[in-house]
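Residues per chain are reported as follows:
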Amino acid sequence: MSAEVVDIATRKRAVLHANETAEDAVLACAYFEPASIDEALDVVTAADFTTARARLIWTAMLRLHASQAPIDLSTIAADLRAHGDLERIGGELAVLTIGEMCPTPATIEHHARIVRDCARVRAIVGALQRALASAAEAIPDVDVFGSDVETRIVEAVRDRASVEGPVEMRDAVIETVERITEGHERIMRGESAHDAIA
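Residues numbered from 1 in each chain as written. Predicted model: local features only at pLDDT ≥ 70, side-chain atom pairs only at ≥ 80, totals over all residues. Heavy atoms only, no water.

Engineer: Break down the overall build of the chain for me, citing the residues and quoting the values.
Structural biologist: A count of helices and strands for the chain gives 10 helices and 0 strands. Traced from its N-terminal end to its C-terminal end, the chain shows the element sequence α-α-α-α-α-α-α-α-α-α. For the chain, buried positions account for 37% of its 198 residues. Contacts spanning at least 24 positions in sequence make up 69% of the contacts within the chain whose residues lie at least 6 apart. For the chain, the accessible area works out to roughly 10800 Å², and carbon and sulfur atoms hold 54% of it. (Helix = DSSP H or I, 4+ residues; strand = E, 2+ residues; numbered from the N terminus. Buried < 20%, exposed > 50% of the residue type's maximum accessible area, 1.4 Å probe, protein only. Contact = heavy atoms within 4.5 Å. Areas by Shrake-Rupley, 256 points an atom, 1.4 Å probe, with all protein chains shown as cover.)

Engineer: Give a description of the pattern of salt bridges that names residues and reports values.
Structural biologist: Scanning the model with the defined rule gives 7 salt bridges in all. Taking the shortest distance from any N to any O, the salt bridge between D79 and R63 comes out at 2.6 Å. Of the two residues, D79 sits in helix α5 (residues 73–82) while R63 sits in helix α4 (residues 52–66), which places them 16 residues apart along the sequence. Given a relative accessible area of 10%, D79 falls into the buried group. Looking at R63, the relative accessible area reads 27%, which means it is partly exposed. Linking E109 and R113 is a salt bridge whose minimum nitrogen-to-oxygen distance equals 2.6 Å. You can see E109 and its partner R113 sitting in helix α7 (residues 108–135), 4 residues apart, about one turn around the helix. A single network of salt bridges, built from pairs that share partners, joins R116, D117 and R120. (Salt bridge = Lys/Arg side-chain N within 4 Å of Asp/Glu carboxyl O.)

Engineer: Hey, could you go over the nonpolar core for me, with residue numbers and the actual values?
Structural biologist: Formed by 31 residues in total, the largest nonpolar core has its most connected members in W58, M61, I76 and L80. Secondary-structure elements contributing two or more residues to this core are α2 (20–32), α3 (37–41), α4, α5, α6 (92–96) and α7. The leading source of residues in this core is α4, at 7 residues. Ignoring any residue separated from it by four or fewer positions in sequence, one finds M61 in contact with L27, A30, Y31, I37, I71, I76 and I98. Counting residues in each nonpolar core, the second largest holds 9 residues, with L128, F145, A156 and V157 among its members. (Core = buried A, V, L, I, M, F, W, Y, C linked by side-chain atoms within 4.5 Å.)

Below, the structure is given as structure tokens:
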């Protein structure tokens, strides 16, 4: 199985592990009540957003918030323009869509957690798929392979540990290795790479 096959599967699954409605709700909450940004800062990062539009708008809002500038459609568009990002997201029309959703600003933390959790699932699935792709090739050194898998899983679950308490690494590694082994066995039986990592 080539890394390209896994990358295609990862991209397809990334869409399944996203919630653009929650992403838009975070942006709308911050737009309608800029003070609510503080509630989301410890929960979500720009990298957690699925679309470039949401990531760049969130980043612009954070810059405006940090500088204590007003946050409105005009200042967001101006910030994006100043950083060369306005056209990347589709121009001012993309900024105007922030005001189309009307969530209660008090729900920003709830929506931010949804965005964060989807990003964590994407990270864990990606780490498992990369480990599975590695397992499909010859493994000259099992210790190096095991260490690499463990590192990938640690990185993928690190944020979960900070919020939900310690993650038992032994359990995470055992579960991951079991999934990798099962996927590898399915590939060896002739199943497609896509079915094996499903």
